[in-house]
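Reading the structure
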Amino acid sequence: MAMGHDNGEQPTLFITYDKLQGLGHPFYEALDKLLRKHGFDRFAEKQCQQFYAEVMGRPGLAPGVYFRCLLIGYFEGIGSERGIAWRIADSLSLRRFLGLGLEKQPPDHSTISRTRRRLSTDVHERVFTRVLELVAEHGLLRGKTLGIDATTLEANAALRSIVRRDDGRAYKEYLTDLAEAEGIEEPTREDLARLDRKRPKKGSNDEWVHPHDPEAQIMKMKNGSTHLAHKHEQAVDLETGAIVGVTVHGGAAGDTKTLEKTLEVADANLAEVRQEGSEKAREQIAERVEEVVADKGYHSNDVMTSLEGVDVRSYIPEPARGRRRWEGKQAERDAVRRNRRRMKRSKGKELQKKRSELVERPFAHMLDSGGMRRVHVRGHDNILKRLVIHAAGFNLSLIMRMVHGIGKPKALQGLRAALSAVIVAVLTLLRWLRALFGRGSQQIPTKARPPERFAYPRLA
């Protein structure tokens, strides 16, 4: 074969469409068939119809294309909408998934952001419940036992930009005033750092706020660093692993204070699936939530009594609090002791193992490999819009894994390597068997012997 050369030839001005056929990614081709089969784009247009004006103006982004763009953010592990737009513009397979012809420009990041801001949170949640209906139709939703857990999201706000809630002074300006009050004239940076180091409760959320993201709260992260953060809490079906509810709170909000809202959202989503879903979907779901499983951070007297008040059994481990006093708290005592007895049984231990596996897994897919550990938008509404579509992408991956054996497009790379390794192992085994049975009783040499040298006759 002759070697080609770059002679600086002028590229072809036109190319026929048939030469671009077959460039689609197999995962996105299968996902597109699934969404079109169940009318995903028509459903999205119907839900978003009220937000589009009838007068002619700048061409808007089709609702189905917008939600598919956010799904691409999950499957490709891209957290920012600017990165999503760049990835779409660079990929022909993603353009085919969005239904964009070669003559159409892919959506710009500003168009995606503007569409997100104008569409309400309820619309995003209805799209999530629509995907939840598809999960139920494929037999991947029960809704009887829910596992709840939370994690922190680093906010799109710098800690050095916080200001005082009372007078709006910046952090450095506030420290300078404190130093001057103690008699330090023209304090240096070292003086301010030394003064700030000795000051107790210097990062109180009651005193400080970020001017552009007031809902973000000062929070110590798991790695020991301090950032402005939000709290992401979700409810997962412990029988199938499907996400049934997502909520967003301030980073410093306690688990016992946010559990009730997450349960309400999950129960409302399941009720909508029972009401709006197909008959096959309704048959898969339990009549109500019966059991809740969480870690010891959710244990409190109020949580135990409130769960028993709605006839929900709790499986929450009790932290070591020492000897407790129950004078005047008979109802709380009975609820705590019943939960304690359930945790000692084999079922309680098995549910805790499931919680560790099935509730932590969505966090890894949505936040770590999904690119949402650090958010790129501000405000709980905007963050929730991105998270619920990420959760919808996770639920779609459950369907794809059940139908096709692949839950994410990048998993095909690992599958290809695994198939190659299996083929090499099979060929090696066949070669070894042929050498074993082809030589009869001769033994297979374990080490290759060097060829014998020719012996020349000695001269007399």
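What follows is about the overall build of the chain. A tally of helices and strands in the chain yields 17 helices and eight strands. Residue burial in the chain is summarised as follows: out of 460 residues, 43% are buried. In the chain, the share of contacts with a sequence separation of at least 24, taken over all contacts with a separation of at least 6, comes to 70%.

This paragraph deals with the packing of aromatic side chains. Centre distance and the angle of the planes are the two values used to describe a pair of aromatic rings. Scanning the model with the defined rule gives eight aromatic pairs in all. Both rings, one in Y74 and one in F75, keep their centres 5.0 Å apart while their planes meet at 70°; by these two values the pair is edge-to-face. Overall, the relative accessible area of 0% leaves Y74 in the buried class. Judged by relative accessible area, F75 falls into the buried class, the value being 2%.

Residues V422, I423, V426, L427, L429, L430, W432, L433 and F437 make up a contiguous nonpolar surface patch of about 900 Å² in total accessible area. Within the fold, F437 resides in helix α17 (residues 411-438). Using a relative accessible area of 64% as the deciding quantity, one classes F437 as exposed.

So, about the pairing of strand β1 (residues 145-154). The buried count for β1 comes to nine of ten residues, which makes it a mostly enclosed element. Pairing of β1 with strand β7 (residues 291-293), which is carried by three bridges, proceeds in the parallel orientation. Residue pairing in the sheet places G147 in a bridge with V293 of β7. Where β1 and strand β5 (residues 226-237) come together, nine bridges link them in antiparallel fashion. Bridging from a neighbouring strand, L153 pairs with H230 of β5.

Okay, the environment of A229 next. As for its placement among the helices and strands, A229 is situated in strand β5. In the structure, A229 is positioned 14 residues away from E215 in sequence and 8.9 Å away in space, judged by C-alpha atoms. With residues up to four places along the chain from it excluded, the contact list for A229 reads L153, E154, A155, A216, Q217, M219, M221, G250 and G251.

Bringing the pattern of salt bridges into the picture now. Evaluation of the coordinates by the stated rule reveals 26 salt bridges. With its nearest N and O atoms 4.0 Å apart, the salt bridge here joins E290 to K144. Residue E290 is located in the loop between α11 (279-284) and β7, and its partner K144 is located in the loop between α7 (121-137) and β1; the two are separated by 146 residues in the primary sequence. Taking relative accessible area as the criterion, E290 reaches 23% and is therefore assigned partly exposed. On the basis of relative accessibility, which here comes to 31%, the residue K144 falls in the partly exposed class. Two residues, K347 and E291, come together in a salt bridge whose shortest N-O distance is 2.6 Å. Placement of the pair is K347 in helix α14 (residues 346-358) and E291 in strand β7, with a sequence separation of 56 residues. Of the residues examined, E291 reaches a relative accessible area of 2% and is grouped as buried. Three or more residues are tied together by salt bridges with common partners; here these are K144, E290, E291, R313 and K347.

Okay, the pairing of strand β4 (residues 217-220) next. Two elements, β4 and β5, share four bridges in a ladder whose sense is antiparallel. Each residue of the ladder has a partner; that of Q217, found in β5, is A229. Here β4 folds back onto β5 in antiparallel fashion, the turn holding five residues, of which G224 has a positive phi close to 95°.

Next up on the list: the packing of helix α12 (residues 301-309) against helix α13 (residues 330-344). It is at 9 Å that the axes of α12 and α13 come closest, and there the two elements cross at 85°. Comparing their axes, α13 and α12 come out roughly perpendicular. Of α13, the residues touching α12 (which contributes N301, M304, T305 and E308) are A331, E332, A335, V336, R338, N339 and R342. Grouping the amino acids of the contact of α12 with α13 by side-chain chemistry returns four nonpolar, three polar and four charged.

Once that is clear, we can look at empty space enclosed by the protein. In the structure shown here, the tally under the stated rule is one cavity of 30 Å³ or more. Here the largest cavity is characterised by a volume of approximately 40 Å³. Mapped by element, the contributors of at least two residues to the lining of the largest cavity are α7, β6 (243-250) and α10 (255-276). The residue inventory of the lining of the largest cavity, partitioned by class, reads four nonpolar, two polar and one charged.

What counts, and where the lines are drawn
Residues numbered from 1 in each chain as written. Predicted model: local features only at pLDDT ≥ 70, side-chain atom pairs only at ≥ 80, totals over all residues. Heavy atoms only, no water. Helix = DSSP H or I, 4+ residues; strand = E, 2+ residues; numbered from the N terminus. Buried < 20%, exposed > 50% of the residue type's maximum accessible area, 1.4 Å probe, protein only. Contact = heavy atoms within 4.5 Å. Phe/Tyr/Trp six-rings, centres within 6.5 Å; stacked < 30°, edge-to-face > 60°. Patch = residues over 30% accessible without salt bridge, like charges linked within 9 Å, V, L, I, M, F, W, Y side chains within 5 Å. Areas by Shrake-Rupley, 256 points an atom, 1.4 Å probe, with all protein chains shown as cover. Salt bridge = Lys/Arg side-chain N within 4 Å of Asp/Glu carboxyl O. Pairing = 2+ DSSP bridges. Axes fitted to C-alpha atoms, helices over the stretch in contact; angles between N-to-C directions. Parallel < 35°, antiparallel > 145°, perpendicular 65-115°, else oblique. Nonpolar A, V, L, I, M, F, W, Y, C, P; charged D, E, K, R; others polar. 1 Å grid on protein atoms, 1.4 Å probe; cavity = no way out; pocket = protein on both sides within 12 Å on 5 of 7 lines; lining within 4 Å. Points joined across faces, edges and corners; volume = space filled by probe spheres on them.

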